[in-house]
Amino acid sequence: ILDGIRVAVPQAILSELGSLVDAKELSSLVSGLTSIDVEDWAKNTEYAGGLTETSKQVVWFWTYVRALGAADNQEKLADLLQFVTGSRRLPVGGFSQLQGFNGGQHRFTLAQAKHLKPLALPTAHACICTMDVPDYPDQATMHQKLDLTLLLGTKRFDEMGAED
């Protein structure tokens, strides 16, 4: 990777950059942040399709996400982030700096999925950082569907149904 950077970036700029940032900071700038702050996520979320901060689906979603955060389950948080955004990492600046595939800024959005049946899996629109959430009958069902979504999202098509 360093050889590629040296080809693309003049030595004078690399020398100056080296005096401004260390290797870890440069890695974050290039690759994004690996640590997911649940409260930053919640603070930088929008709601659509009739959902509000107090909607049952929203409360249940944040209960699920906060439980992952409390268990310091960064792996599952990254799986969820990837499901919704297409990336396991955040841009520098966190959730307030999320970008869609067109390069424009798109906040994470939870949308009411009126087009989905109440027991369907949630769907994602990674190009605009949006997750459509069905009207689940209860919190346990929602959490089961989110768990299944994350499990299936880590498998290839030829692995479906295969024993681990």
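Going by the structure above, here's the rest.
Since this is a predicted model, take the numbers as computed values, not measurements.

Visitor: Looking at this model, I keep getting lost on the packing of aromatic side chains. Mind explaining?
Guide: For the structure shown, the criterion picks out seven aromatic pairs. Taken together, a centroid distance of 5.8 Å and an interplanar angle of 20° make the contact between phenylalanine 61 and phenylalanine 108 stacked. Highlighted residues: phenylalanine 61 in helix α5 (residues 56-70) and phenylalanine 108 in strand β2 (residues 108-112), separated in sequence by 47 residues. Using a relative accessible area of 0% as the deciding quantity, one classes phenylalanine 61 as buried. Summarising the aromatic geometry, the rings of tryptophan 62 and phenylalanine 108 are spaced 6.4 Å apart at their centres and angled 70° between planes, so their arrangement reads as edge-to-face. Taken together, the residues tryptophan 62 in helix α5 and phenylalanine 108 in strand β2 connect sequence positions 46 residues apart. The burial state of tryptophan 62 is the same as that of phenylalanine 108; both residues are buried. Site record: aromatic cluster; members linked through ring pairs are Trp41, Phe61, Trp62, Phe95 and Phe108.

Visitor: I would appreciate a short explanation of the nonpolar core in the present structure.
Guide: A general tendency of soluble globular proteins is for nonpolar side chains to be buried together. By size, the foremost hydrophobic cluster in this structure holds 29 residues, and its most contacted members are Trp41, Phe61, Trp62, Val65 and Leu110. Those elements giving two or more residues to this core turn out to be α4 (38-43), α5, α6 (74-85), β2, β4 (130-133) and α7 (139-153). The biggest single contributor to this core is α5, with seven residues. Those residues in contact with tryptophan 41, other than ones at most four positions away along the chain, are Ile36, Trp62, Val65, Leu77, Leu80, Leu81, Phe95 and Phe108.

Visitor: What should I look at first to understand the packing of α6 against α7 in this one?
Guide: Two quantities define a packed helix pair, namely the angle between the helix axes and the distance between the axes. Running from N to C, α6 and α7 cross one another at 80°; their axes reach a closest spacing of 10 Å. Taken together, the axes of α6 and α7 lie roughly perpendicular to each other. Touching Lys76, Asp79, Leu80 and Phe83 of α6 are Asp147, Thr149 and Leu150, all from α7. By residue class, the composition of the contact of α6 with α7 is three nonpolar, one polar and three charged.

What counts, and where the lines are drawn
Residues numbered from 1 in each chain as written. Predicted model: local features only at pLDDT ≥ 70, side-chain atom pairs only at ≥ 80, totals over all residues. Heavy atoms only, no water. Phe/Tyr/Trp six-rings, centres within 6.5 Å; stacked < 30°, edge-to-face > 60°. Helix = DSSP H or I, 4+ residues; strand = E, 2+ residues; numbered from the N terminus. Buried < 20%, exposed > 50% of the residue type's maximum accessible area, 1.4 Å probe, protein only. Core = buried A, V, L, I, M, F, W, Y, C linked by side-chain atoms within 4.5 Å. Contact = heavy atoms within 4.5 Å. Axes fitted to C-alpha atoms, helices over the stretch in contact; angles between N-to-C directions. Parallel < 35°, antiparallel > 145°, perpendicular 65-115°, else oblique. Nonpolar A, V, L, I, M, F, W, Y, C, P; charged D, E, K, R; others polar.

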